[in-house]
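Observations on the three-dimensional arrangement
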Amino acid sequence: MNFLSFYIQAEEFQFRFEDSKGKIHQLSDYRGKWVLVNFWATWCPPCLEEIPDLISLYEERNDVMIIGIAMDYADTETVIKFTEAMSVPYPIVFGNREIASQLDELSMLPSTYLFDPTGKPAARKIGLLTREDIEKFIQNYLGSTSPSKAADPLHAE
């Protein structure tokens, strides 16, 4: 797995994003769900490659919330038209460095941050991500945090 664990020096991590429809999203709103925050751009080929996987994950798993943060765009209308054409069902935030700094100093797109159902930072991935990567990470993370689920799915008989 190419996910990297990441830790934020804060007792209670929190972010606040306003999406393209004016709705506010905070980490605490999604207790009990995995929260995946994906920074992307319309001009970024690996970003565009992972969007169909993020869409299917969002539509098929009730335990995952996805928030897409569009970065480095000329105008918001371009982002809206793009996400409508791709039928992106999850919330889209018009991002900038200030918004991104709530999580990290972005060095590359795409960059994805995953929070566990208790709201704790679980992983960070810089670069292309697949649905399979995400689901394997969730399965392994749940197994490693619960002694009753400690079976290693990668080495199962």
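From a predicted model like this one, the values you see are computed outputs, not experimental measurements. (Residues numbered from 1 in each chain as written. Predicted model: local features only at pLDDT ≥ 70, side-chain atom pairs only at ≥ 80, totals over all residues. Heavy atoms only, no water.)

**Digging into the state of the cysteines**
Stated precisely, the cut-off is as follows: Cysteine sulfurs are considered disulfide-paired once they come within 2.5 Å of each other. A 1.4 Å probe rolled over the protein chains alone gives each residue an accessible area, and that area as a share of the maximum for its type sets the label: buried under 20%, exposed over 50%, partly exposed in between.
By the definition in use, this model includes 1 disulfide. What pairs with Cys-44 in a disulfide is Cys-47, and their sulfur atoms sit 2.3 Å apart. Taking the sign of the torsion about the S-S bond as the criterion, the disulfide between Cys-44 and Cys-47, at about 75°, is right-handed. Each member of the pair Cys-44 and Cys-47 is classed as buried.

**Observations regarding helix H1 (residues 45-60)**
Worth spelling out the cut-off: Working definition: helices are DSSP H or I runs of at least four residues, strands are E runs of at least two. Numbering for both runs from the N terminus. Helix span, expected: 1.5 Å multiplied by one less than the number of residues in the helix. In this analysis the local bend is the angle between axes fitted, respectively, to the seven residues ending at and the seven residues starting at the residue.
For H1, with 16 residues, the first-to-last C-alpha span of 24 Å sits near the 22 Å given by 1.5 Å per residue. Along its length, H1 reaches its greatest deviation from straightness, about 30°, at Ile-51, and the proline Pro-52 lies no more than four positions downstream. Considered for burial, the residues of H1 that qualify are Cys-47, Glu-50, Ile-51, Leu-54, Ile-55, Ser-56 and Leu-57.

**What about the environment of Phe-17?**
Where we set the bar: Contacts are assigned to residue pairs that have any heavy atoms within 4.5 Å of one another.
Mapping Phe-17 onto the fold places it in strand S1 (residues 16-18). Sequence separation between Phe-17 and Pro-91 is 74 residues; the distance between their C-alpha atoms is 9.9 Å. What Phe-17 contacts, discounting residues up to four positions off in sequence, is Lys-23, Ile-24, His-25, Val-37, Ile-67, Ile-69, Val-93, Ile-99, Gln-102 and Leu-103.

**Considerations on the layout of surface pockets**
The cut-off we apply is this: In this analysis the probe radius is 1.4 Å and the grid spacing 1 Å, with only protein atoms considered; a cavity is a set of points the probe fits into but cannot get out of, a pocket is an open set with protein on both sides within 12 Å along at least five of seven lines, and lining residues have an atom within 4 Å of a point. Grid points are joined across faces, edges and corners, and a volume is the space filled by probe spheres set on the points. Gly counts as polar in this scheme, as do all residues outside two lists: the nonpolar Ala, Val, Leu, Ile, Met, Phe, Trp, Tyr, Cys and Pro, and the charged Asp, Glu, Lys and Arg.
The volume enclosed by the largest pocket comes to roughly 210 Å³. Surrounding the largest pocket, 13 residues form its lining, Ser-20, Lys-21, Thr-83, Val-88 and Ile-92 being those nearest its centre. Every element with two or more residues in the lining of the largest pocket is listed here: helix H2 (76-85) and strand S5 (92-94). The element contributing the most residues to the lining of the largest pocket is H2, with 4 residues. Of the residues in the lining of the largest pocket, the class split is 8 nonpolar, 2 polar and 3 charged.

So yeah, pure geometry; function would need other evidence.
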